[in-house]
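Examining the three-dimensional arrangement
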Amino acid sequence: MPSPNNTDLSPSSFVLADTPGLEAARFWLAFPLCSMYLMAIVGNGAVVFIVKTELSLHAPMYIFLCMLASIDLALSTCTVPRMLSLLWFDWREISFGACLLQMFLIHSLSAVESTVLLAMAWDRYMAICHPLQHATILTNPVMAKIGLAAVARGVMFFLPLPLLILRLSFCGSNVLSHSYCLHQDVMNLACTSTTVNVVYGLTAILLVMGLDALLIALSYFMIIKAVYQPYSRAIPWKRLVCSSPSISGAIREQKNGHIGSDQWSI
């Protein structure tokens, strides 16, 4: 076990946060977490398998749900196993490179998920407000381009985060405040100026999660406005009900603890 104090300018490892006050129950706390992780694997895996094999579900809404399930699988897999190893085996040390990789995956996958939720909101807007153009615009090639654009957007905005960490010097404690690696958590351990990291981190959050949340709210405002207009009786209410998965997904994204606004406070 490494010492909490590290005088190296480029530490070889970090120490993940423990569960203060719950050391005796730490072994048993891992079982509920493991159960939830297994349920997430089975549930999201079932969604991906059913949508892939059932041809009648090859529609934009279900394809977006399949994308969300795949992202949740990746996001939980890059965090939960490491937390379980900490709780069961007290493996608190994580190498510098592994920490940067986990940081990049958490932030970029969260950005990809936010983009997919925005695409789902746009899909529901087109299906309800412009039903005649919906099928001709959201074709399979367009869906593939949306998925690739979501991945490219997440990588483009959050690949600089680990690169910005590499320019910092670390001369104090190497103990993180979370049981997984986040940009601000690692950044706060540096003994040099982190102004560039703070400015870029806040900018990326506003341009991705902040902008997406604003556009999602705008799309559902337009949907509600269209539904309550006099001619809206011709709009199938079933399409409005089908919007509930993307609405709940958007709410879940705003409550996502991986990359919330509190993690980017200066």
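Refer to the structure printed above.
The present account deals with the structure reproduced in this document. The structure presented is a predicted model; accordingly, all values stated were derived computationally and were not measured.

**Digging into the pattern of salt bridges**
Counting across every chain of the model gives three salt bridges. One salt bridge connects Asp123 with Arg124, and the closest N-O pair in it is separated by 3.0 Å. Neither residue differs from the other here; Asp123 and Arg124 are each classed as buried.

**Concerning the packing of helix H6 (residues 140-158) against helix H9 (residues 195-227)**
Two elements in contact, H6 and H9, have axes whose closest approach is 10 Å; the angle formed by their N-to-C orientations is 160°. By the angle class used here, H6 and H9 are roughly antiparallel. On H9, the residues touching Arg153, Met156, Phe157 and Phe158 of H6 are Tyr200, Ala204, Leu207, Val208, Met209, Leu211 and Asp212. Of the residues that constitute the contact of H6 with H9, the class distribution is nine nonpolar, no polar and two charged.

**Some points on a nonpolar patch on the surface**
A cluster of nonpolar side chains, contributed by Leu211, Leu214, Leu215, Leu218, Phe221 and Met222, occupies part of the molecular surface with about 550 Å² of accessible area. Along the chain, Phe221 turns up in helix H9.

**With respect to the state of the cysteines**
Scanning the entire structure with this criterion turns up two disulfides. In this model Cys99 forms its disulfide with Cys181; the gap between the sulfur atoms is 2.1 Å. Residues Cys99 and Cys181 are joined by a disulfide whose S-S torsion is about -120°; by sign, that bridge is left-handed. One end of the pair, Cys99, is in helix H4 (residues 96-129); the other, Cys181, is in the loop between helix H7 (160-166) and helix H8 (183-187), and 82 residues separate them in sequence.

**Section: H4**
One full turn of an α-helix is made of 3.6 residues, so residues set three or four places apart face in the same direction. Its 34 residues place the ends of H4 50 Å apart at the C-alpha level, agreeing with the 50 Å of an ideal helix rising 1.5 Å per residue. Burial of H4 is extensive: 28 of the 34 residues sit out of reach of the surface.

**Considerations on H6**
For H6, built from 19 residues, the straight-helix expectation of 27 Å at 1.5 Å per residue is met to within 8% by its first-to-last C-alpha distance of 27 Å. Within H6, burial applies to Met143, Ile146, Gly147, Ala150, Arg153, Gly154, Phe157 and Phe158. Buried residues in H6, looked at end-on, bunch into an arc of 125°, giving them a common side. What points out from H6, more than 90 degrees from its buried face, is the exposed set Pro141, Lys145, Leu148 and Met156. Summarising the contacts, the buried residues of H6 are in contact with helix H2 (60-77), H4, H7 and H9.

**As for the side chain of Arg153**
The topology assignment puts Arg153 in helix H6. Side chain to side chain, Arg153 and Thr115 meet in a polar contact 2.8 Å long.

**Quick notes on the nonpolar core**
Core analysis: the biggest nonpolar cluster contains 63 residues, and Phe14, Val116, Ile165 and Phe170 have the highest contact counts within it. Counting residues per element, this core draws most heavily on H4, at 17 residues. Excluding residues within four positions of it along the chain, Ile165 makes contact with Phe96, Leu100, Met103, Phe170, His183, Val186, Met187 and Asn197.

Rules used in this analysis
- Residues numbered from 1 in each chain as written.
- Predicted model: local features only at pLDDT ≥ 70, side-chain atom pairs only at ≥ 80, totals over all residues.
- Heavy atoms only, no water.
- Salt bridge = Lys/Arg side-chain N within 4 Å of Asp/Glu carboxyl O.
- Buried < 20%, exposed > 50% of the residue type's maximum accessible area, 1.4 Å probe, protein only.
- Axes fitted to C-alpha atoms, helices over the stretch in contact; angles between N-to-C directions.
- Helix = DSSP H or I, 4+ residues; strand = E, 2+ residues; numbered from the N terminus.
- Parallel < 35°, antiparallel > 145°, perpendicular 65-115°, else oblique.
- Contact = heavy atoms within 4.5 Å.
- Nonpolar A, V, L, I, M, F, W, Y, C, P; charged D, E, K, R; others polar.
- Patch = residues over 30% accessible without salt bridge, like charges linked within 9 Å, V, L, I, M, F, W, Y side chains within 5 Å.
- Areas by Shrake-Rupley, 256 points an atom, 1.4 Å probe, with all protein chains shown as cover.
- Disulfide = S-S within 2.5 Å.
- Expected span 1.5 Å × (residues − 1).
- Arc of directions from axis to C-beta.
- Polar contact = N/O pair within 3.5 Å; in protein donor to acceptor, adjacent residues only side chain to side chain.
- Core = buried A, V, L, I, M, F, W, Y, C linked by side-chain atoms within 4.5 Å.

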